[in-house]
Structure formats: structure tokens, C-alpha cells
Amino acid sequence: MSLSERIASFLESDAVGQIHFRASGTAVYGSGYGIIARAIRNRHIQCQENVRFDRAMACYRHSVGPNQVNVLDVSTDAAPVEGVEACGLIVHECTHALQDYHRRSLTVIDAECAAYIAQAMYWHIATRGVFPGQAGSQHVGLSVVAWNIAHRILTTPQAYDATPEEIQTLKTQILTIDVYKTRQDDIQAFDGLIRGQSMRP
């Protein structure tokens, strides 16, 4: 099975289908990942293994190069799309693809807030509420904050929105990571998976 098909099939799994919340201007929903799966199969998103990544990593890049291609890079460690850590990374980056689908211009930090909550919500669903310590080991404080938000939404009847207080706490943790420290006001101008067209059936 190709990398693209492994990722698309994972995005259509029951666990991913249960992700459902809103945070920082982003609505994240299970069927949305199905849309991303379809975009991958239709080659509107190119999935590729990036051997330069030195650990389990993934990265979604929109409008790459002169042809403005959408690319999902996945490390060799994450390419099998197996285990909570690798699958959580895929959910995180495909949340950015979902933001791209909706053509939302978001601050980089707001975009990351939604992606980290989605990643933690997948962990929670996949492990049935057991925090995956190893998967959250790279940035423990950030992982715990995202997990607590996901846990509250998943275990509170009719909960859907992350609160402003929760988002502010999460932003504070994100801004402790070197790559984000100078990007507090940067805008991520997502422009759609197919420029000038809708992917809606």
C-alpha cells in the first residue's frame, strides 16, 4: 500500500472520525478528514516520505513551488502510519490541510492551537483516555495542556468549543517552542486545496 493510501485510509478510520471541536476560529470535524483523504487520493495533496527528517515528524506545506502544490511530508519513522505518536502527527498536519480546505487566513499560533488539540484528541480517543507519555515527550507541557482541553471537550456533554482561557494557556505553551517564538503575529494565508475551485461534492 502506498504512503498516500495509508494516510488516506487512516484519515477515514473510526478514531479520526470522532474528532470534533472548535478552537481559535477553526472548526475541526471527523468528516473533514474524509475530505482530506479524498484530496490525497485525487492528488490535490501529494504525500511524500522525507528522509531528511531525523525522527518521527510530519509537515504540511501549502502552495509549494511555481505550481503551488500542496505537500504532506512524512518522516521515515512515521511513514508506516502506525502507533499513537505517528498517527497523532498525521492528524496534526492534516488539520492544517483542513484549514487550507476552508481557505482560512489564521495566525500561525491559532492554526497550531487547533492542530495540537486535534492531535491530543486523537490520542485520547485512540488510547481510551490514557495519556501516551512517550508520544507527548517532546514538549511535555504543551502536550499536557492540549490533552486537558481535549479531555474536557470529550468528557463534557455537549462541549464543543475550547474556551478563551484554554486557548491562551495553550498559546503560552506553543510560544515556548523555538520555532514559534518569533512568529506570534505571522499569518498563515491558506488558499484552498484547489486554487479557485471548490472540493465540495
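See the structure above.
Residues numbered from 1 in each chain as written. Predicted model: local features only at pLDDT ≥ 70, side-chain atom pairs only at ≥ 80, totals over all residues. Heavy atoms only, no water.

A. Quick peek at the overall build of the chain. Assigned secondary structure in the chain consists of 7 helices and 7 strands. Going from N to C terminus, the chain has its helices and strands arranged as α-α-β-β-α-β-β-β-α-β-α-α-α-β. Over its C-alpha atoms the chain spans a radius of gyration of 16 Å, differing by no more than 12% from the 17 Å that the globule rule assigns to 201 residues. Contacts in the chain between residues far apart in sequence, at least 24 positions, make up 70% of those at least 6 positions apart. With an accessible surface of roughly 9700 Å², the chain has 48% of that area assigned to carbon and sulfur atoms. Between the mean site of the 17 positive side-chain charges and the mean site of the 20 negative ones, the chain shows a separation of 6 Å. (Helix = DSSP H or I, 4+ residues; strand = E, 2+ residues; numbered from the N terminus. Rg over C-alpha atoms; globule rule 2.2 N^0.38 Å. Contact = heavy atoms within 4.5 Å. Areas by Shrake-Rupley, 256 points an atom, 1.4 Å probe, with all protein chains shown as cover. Lys, Arg positive; Asp, Glu negative; His and termini not counted. Charge placed at Lys NZ, Arg CZ, Asp CG, Glu CD.)

B. Here's a closer look at the environment of Met-1. Secondary-structure assignment places Met-1 in the segment before α1 (3-11). With 79 residues separating them along the chain, Met-1 and Pro-80 place their C-alpha atoms 9.8 Å apart. In this structure, Met-1 is in contact with Arg-6 and Ser-9, ignoring residues within four places of it in sequence.

C. Structural view of the sheet that holds strand β3 (residues 45-50). Taken together, the 3 strands give an open sheet; going across it, the order is β3-β5-β4, and neighbouring strands pair in mixed fashion. Single-partner strands in this sheet number two, and they are β3 and β4 (58-64). Ignoring which end each strand starts from, the neighbouring axes of this sheet average 25° apart. Here 5 bridges tie β4 to strand β5 (residues 69-75), and the two strands are oriented antiparallel to one another. Bridging from a neighbouring strand, Cys-59 pairs with Asp-73 of β5. (Pairing = 2+ DSSP bridges. Axes fitted to C-alpha atoms, helices over the stretch in contact; angles between N-to-C directions.)

D. A look at the state of the cysteines. Evaluation of the coordinates by the stated rule reveals 0 disulfides. No disulfide involves Cys-87; its nearest neighbouring cysteine sulfur is the one of Cys-94, lying 11 Å away. Look at Cys-87 and you get buried, because its relative accessible area is 5%. Among the cysteines around Cys-113, which has no disulfide bond, Cys-59 carries the closest sulfur, lying 18 Å off. (Disulfide = S-S within 2.5 Å. Buried < 20%, exposed > 50% of the residue type's maximum accessible area, 1.4 Å probe, protein only.)

E. View of the environment of Trp-123. Residue placement: Trp-123 occurs in helix α5 (residues 108-127). Trp-123 sits in the buried class, given a relative accessible area of 3%. Considering only alpha carbons, one finds Trp-123 and Ala-15, 108 residues apart in sequence, at a separation of 9.1 Å.

F. Inspection of the pattern of salt bridges at higher detail. With the rule as written, the count across this model stands at 8 salt bridges. As a salt-bridge pair, Asp-110 and Lys-171 come within 3.0 Å of each other at their nearest N and O atoms. On the criterion of sequence distance, the pair formed by Asp-110 in helix α5 and Lys-171 in helix α7 (residues 164-174) is long-range, its members being 61 residues apart. Its relative accessible area of 21% is what places Lys-171 among the partly exposed residues. Across the salt bridge formed by Asp-178 and Lys-181, the nearest N and O atoms sit 3.1 Å from each other. A relative accessible area of 60% places Asp-178 in the exposed class. Within this structure, Glu-5, Glu-12 and Arg-41 form a network of salt bridges that share partners. (Salt bridge = Lys/Arg side-chain N within 4 Å of Asp/Glu carboxyl O.)

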